[in-house]
Amino acid sequence: MTTLYDVPADELIEAAAVELAEEDAIDAPDWAEFTKTGIDRELPPEQDDFWQRRAASVLRKVATDGPVGVGALRTAYGTSKKGTNRYEVRPHQKTDASGNIIRTILQQLEEVGYVEAAGGEGRRVSADGRAFLDELAGEVLEDLDRPELERYA
């Protein structure tokens, strides 16, 4: 049986984003089109399906790293500021991602049943969420034309 570890992450996230959009399981709130993804950003994301992509990515990250909390996910999705744009003379500083976006996505995934609370440790993927990701991984593996991945089929 194919698991989420057997396929490339970007392919799985793309397929999960499409599936979440088709199910209407995850909808972006009204404020999402105006919200930046972190303090180091100047503008909100320009992708039309940003919310579904981020939800798919968060679901995969919770499945691989879980149980995980909002703070750890903020660190994982954060970036580094590189100083001024012209000279980049300032040392790199790590900045966290927006906690409200991650928290809202986790709550939506919890309502759908793909994520569950882990009792003070954060959130972990539920059995339904694991089955969802594994089924998608099987479909992605069938669609990929990569000979090095055929041993997992």
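Residues numbered from 1 in each chain as written. Predicted model: local features only at pLDDT ≥ 70, side-chain atom pairs only at ≥ 80, totals over all residues. Heavy atoms only, no water.

> How do you make sense of a negative patch on the surface when you look at a structure like this?
Together, Asp10, Glu11, Glu135, Glu139, Glu142 and Asp143 give the surface a local cluster of negative charge. Elements that contribute at least two residues to the negative patch include exactly helix H1 (9-23) and helix H5 (127-143). Along the chain, the position of Glu142 falls in helix H5. (Patch = residues over 30% accessible without salt bridge, like charges linked within 9 Å, V, L, I, M, F, W, Y side chains within 5 Å. Areas by Shrake-Rupley, 256 points an atom, 1.4 Å probe, with all protein chains shown as cover. Salt bridge = Lys/Arg side-chain N within 4 Å of Asp/Glu carboxyl O. Lys, Arg positive; Asp, Glu negative; His and termini not counted. Charge placed at Lys NZ, Arg CZ, Asp CG, Glu CD. Helix = DSSP H or I, 4+ residues; strand = E, 2+ residues; numbered from the N terminus.)

> What is the right way to look at the pattern of salt bridges in this model?
Note that side chains of opposite charge can pair when their charged atoms are close. Per the counting criterion, the structure on display carries 3 salt bridges. Arg53 is paired through a salt bridge with Glu14; the nearest N and O atoms lie 3.1 Å apart. You can see Arg53 sitting in helix H2 (residues 50-65) and its partner Glu14 sitting in helix H1, a full 39 residues away along the chain. Judged by relative accessible area, which is 29%, Arg53 ranks as partly exposed. A salt bridge links Glu110 to Arg123, with the nearest nitrogen and oxygen atoms 2.9 Å apart. Of the two residues, Glu110 is situated in helix H4 (residues 99-112) and Arg123 in strand S4 (residues 123-125); the sequence distance between them amounts to 13 residues. (Buried < 20%, exposed > 50% of the residue type's maximum accessible area, 1.4 Å probe, protein only.)

> Which parts of the structure should I look at to understand the packing of aromatic side chains?
Both the distance between ring centres and the angle between the ring planes are used here to describe each pair of aromatic rings. Summed over all chains, the structure comprises 2 aromatic pairs. Look at Trp31 and Trp51: their rings are 5.7 Å apart centre to centre, the planes differ by 85°, and that puts the pair in the edge-to-face class. Residue Trp31 is found in the loop between H1 and H2, and its partner Trp51 is found in helix H2; the two are separated by 20 residues along the sequence. For Trp51, a relative accessible area of 3% corresponds to the buried category. Plain terms: the ring middles of Tyr114 and Phe132 are 4.7 Å apart, the flat faces sit at 15° to each other, and that makes the pair stacked. Taken together, the positions of Tyr114 in the loop between H4 and strand S3 (115-117) and Phe132 in helix H5 put the pair 18 residues apart, joining distant regions of the chain. The residues Tyr114 and Phe132 share a single accessibility class, namely buried. (Phe/Tyr/Trp six-rings, centres within 6.5 Å; stacked < 30°, edge-to-face > 60°.)

> Can you walk me through H5 in this structure?
Each turn of an α-helix holds 3.6 residues, which means side chains three or four residues apart point in the same direction. With 17 residues, H5 ought to run about 24 Å at 1.5 Å a step, and its terminal C-alpha atoms sit 24 Å apart, in line with that. Every buried residue of H5 is listed here: Gly129, Phe132, Leu133, Asp134, Leu136, Ala137, Gly138, Val140 and Leu141. Buried-residue contacts for H5 involve H1, H2 and S4. (Expected span 1.5 Å × (residues − 1). Contact = heavy atoms within 4.5 Å.)

> I keep staring at the packing of H1 against H5 and nothing clicks. Help me out?
Between two packed helices, the angle of one axis relative to the other and the distance separating the axes together describe the packing. Two elements in contact, H1 and H5, have axes whose closest approach is 10 Å; the angle formed by their N-to-C orientations is 115°. For the pair H1 and H5, the crossing hand works out as right-handed. Across from Glu11, Leu12, Ala15, Ala16, Glu19, Leu20 and Glu23 in H1, the residues of H5 making contact are Phe132, Leu133, Leu136, Ala137 and Val140. Here the residues of the contact of H1 with H5 are counted per class, giving 9 nonpolar, no polar and 3 charged. (Axes fitted to C-alpha atoms, helices over the stretch in contact; angles between N-to-C directions. Left-handed = near helix turned anticlockwise from the far one by under 90°. Nonpolar A, V, L, I, M, F, W, Y, C, P; charged D, E, K, R; others polar.)

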